[in-house]
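Take a look at the letters that make up each chain.
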Amino acid sequence: MTEPRYASANHRPGRLHLNAFLMSTGHHEASWRLPESDPSWTSTNIEHLRRLAQLAERGKLDSIFFADGPGLRSDVGRRPAGSLDPLIVLTAIAAVTERIGLIATASTTYNSPYNLARRFASIDHVSGGRAGWNVVTTAGPDIARNFGLDDQPAHAVRYERADEFLEVAFKLWDSWDDDAVLADKANGVWAEKTKIHPAEHVGTHFSVGGALTTPRSPQARPLIVQAGSSDDGKALAARYAEAVFTAHQTLGDARAFYADLKARTIAAGRSADDIKILPGIVPVIGSTEAEALAKERELDELIVPEYARVQLAKTLRLSPDDLPLDRELPADLPAEDEIEGAKSRYTLIVELARRDRLTVRQLIGRLGGGRGHRTFAGTPEQVADAIQDWYDAEAADGFNIMPAVLPSGLEQFVDHVLPVLRRRGLFREEYEGTTLRDHYGLARPASRYATAAPGDPARPVAQARELEDARA
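Novice: Before we move on, could you go through the overall build of the chain and cite the residues and values that matter?
Specialist: For the chain, the count of helices and strands is 15 helices and 13 strands. Counting contacts in the chain only where the partners sit at least 6 residues apart, residues at least 24 apart contribute 76% of the total. Surface summary for the chain: the accessible area is close to 20000 Å², and the carbon and sulfur share equals 50%.

Novice: Talk me through the nonpolar core; I want residue IDs and the actual numbers.
Specialist: Ranked by size, the top nonpolar core spans 68 residues in total, and within it Leu18, Ile64, Trp133, Trp173 and Leu421 carry the most contacts. Counting residues per element, this core draws most heavily on helix H5 (residues 155-173), at nine residues.

Novice: Mind laying out the side chain of Thr265, listing which residues take part and the relevant values?
Specialist: On the secondary structure map, Thr265 appears in helix H7 (residues 251-267). When residues no more than four places from it in sequence are discounted, the contact partners of Thr265 are Ala238, Arg270, Ser271 and Ile275.

Novice: Tell me about helix H13 (residues 408-423), and please be specific about residues and values.
Specialist: In an α-helix, one turn spans 3.6 residues; hence positions three or four apart end up facing the same way. In this model H13 runs 23 Å from its N-terminal to its C-terminal C-alpha over 16 residues, within 8% of the 22 Å that 1.5 Å per residue would give. Remark: the principal bend of H13, roughly 35°, maps to Val417, with a proline, Pro419, within the next four residues. Turning to H13, the residues buried within the fold contact strand E1 (17-21), helix H1 (46-58), strand E11 (276-285), helix H12 (380-392) and strand E13 (398-401). Positioned one or two residues after H13, Gly425 has a phi angle of 75°, which is positive.

Novice: Any chance you could break down the environment of Arg58 for me, citing the residues and the numbers?
Specialist: Assignment of secondary structure puts Arg58 in helix H1. In sequence terms Arg58 and Arg99 are 41 residues apart; their C-alpha atoms lie 9.8 Å from each other. If sequence neighbours within four positions are ignored, Arg58 has contacts with Val414 and Asp415.

Here is what the cut-offs are and how they apply
Position labels on residues start from 1 in each chain and follow its written sequence. Totals for whole chains, interfaces and linings use every residue, but because this is a predicted model, local features are given only for residues with pLDDT of at least 70 and side-chain atom pairs only at 80 or more, for both listing and counting. The basis for the side-chain values is all heavy atoms of the structure; hydrogens and waters are excluded. Numbering goes from the N terminus for both helices and strands, where a helix is a DSSP run of H or I of at least four residues and a strand is a run of E of at least two. Contacts: residue pairs with any heavy atoms within 4.5 Å of one another. Each accessible area is a Shrake-Rupley result for a 1.4 Å probe, and residues are judged covered by the shown protein chains and nothing else. In plain words, nonpolar cores are sets of buried Ala, Val, Leu, Ile, Met, Phe, Trp, Tyr and Cys residues tied together by side-chain atoms within 4.5 Å. For every residue, the accessible area (1.4 Å probe, protein chains only) is compared with the maximum for its type, and the residue is labelled buried under 20%, exposed over 50%, or partly exposed between those bounds. Take the residue count of a helix, subtract one, and multiply by 1.5 Å to get its expected span. Bend, in this description, refers to the angle at a residue between axes fitted to the seven residues ending there and the seven starting there.

In structure tokens form, the structure reads like this:
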């Protein structure tokens, strides 16, 4: 192995935050076709998912993460498509892990605040303070029809609902004071009623009266994660998010997003350090660069172009006939403002194709590894360099690690890339705390009924309440 390139480099204070994004046989859409893959290793095989979580914990990663959408993909021929409710999966994983954070995706468009707040508080209790919620608004007319709607709500409406949803959830997580339970046997008082606070919320989208059934959890509330990169998504993240999963192809784009979101977070009355920005990276790791590139090539050659073309056409709001495989994208694509689905991912895909002048076939190959996230093939040292380049350039606080193939890709990252990062002083040797907030260097939030600390997303709410009280 070569000497670490940055062995004595001066880097930003703090340490990388690394999350493992777990997906069936891996993030490359053709990973299930490899000889090493077992197609039964889908997201319904709980033992497979438990082993992956234990592997990530062996590497001392901050957290694991499961994506989710309440709808079956129409192209089930393309890759393993079955899935379980990720919140239930996290409870099963909590029982066989001790420290690693547990993050699940749940939609604000197709859930109610009371039920979802209760479920995440329950997971936080069950896991000893390791729960995180990836907040999504869920695009797609097919999913909308699963919930009795003719079409998806407009993009702006989905984010307006998400903002109010989080406002209600925060109220519910604060509805029990930490010391509400007295357990006073002598006087026959189990809890003090004045320390239970009904939500009493009446808003545009929700009306929620009572307090949560679940007492305040070890973290007070789950770590809030957000994944939208549109203007509406960034505005929501600046107000509420403590970690952001994002996708970028170039260092320049990543730096611009990082600077913009940190500035928005400060403008929202929080500290820039209270939000961690974690771009996705799909590493393909080999003992030599040639071996890594050969692995990547093998995967790309297993992509079925027609499946991918249909999905690309759906994303671009075109007919597959409008996308000949060996031509570039049409010149007259819709503008982002016309897209009611995932706006930022649409723009990323179009800009990637235009910038590199890719044919549809080439674009499909680039997207097959990580659906728009950055893919990188190289040795462990080269992968570590790619991660540190962005970290040192203030383009990332860490990364969402998306192994192209599972479990082998995660094993290679844990066993070969993490030691390089540790030698450079960039990643922990051992866990230094017990909760997910500990791993991310974030304080336990104060209740809105106490004095909220600077940087706490609840602080603006607490300040508004104090102002209302003073006026009264």
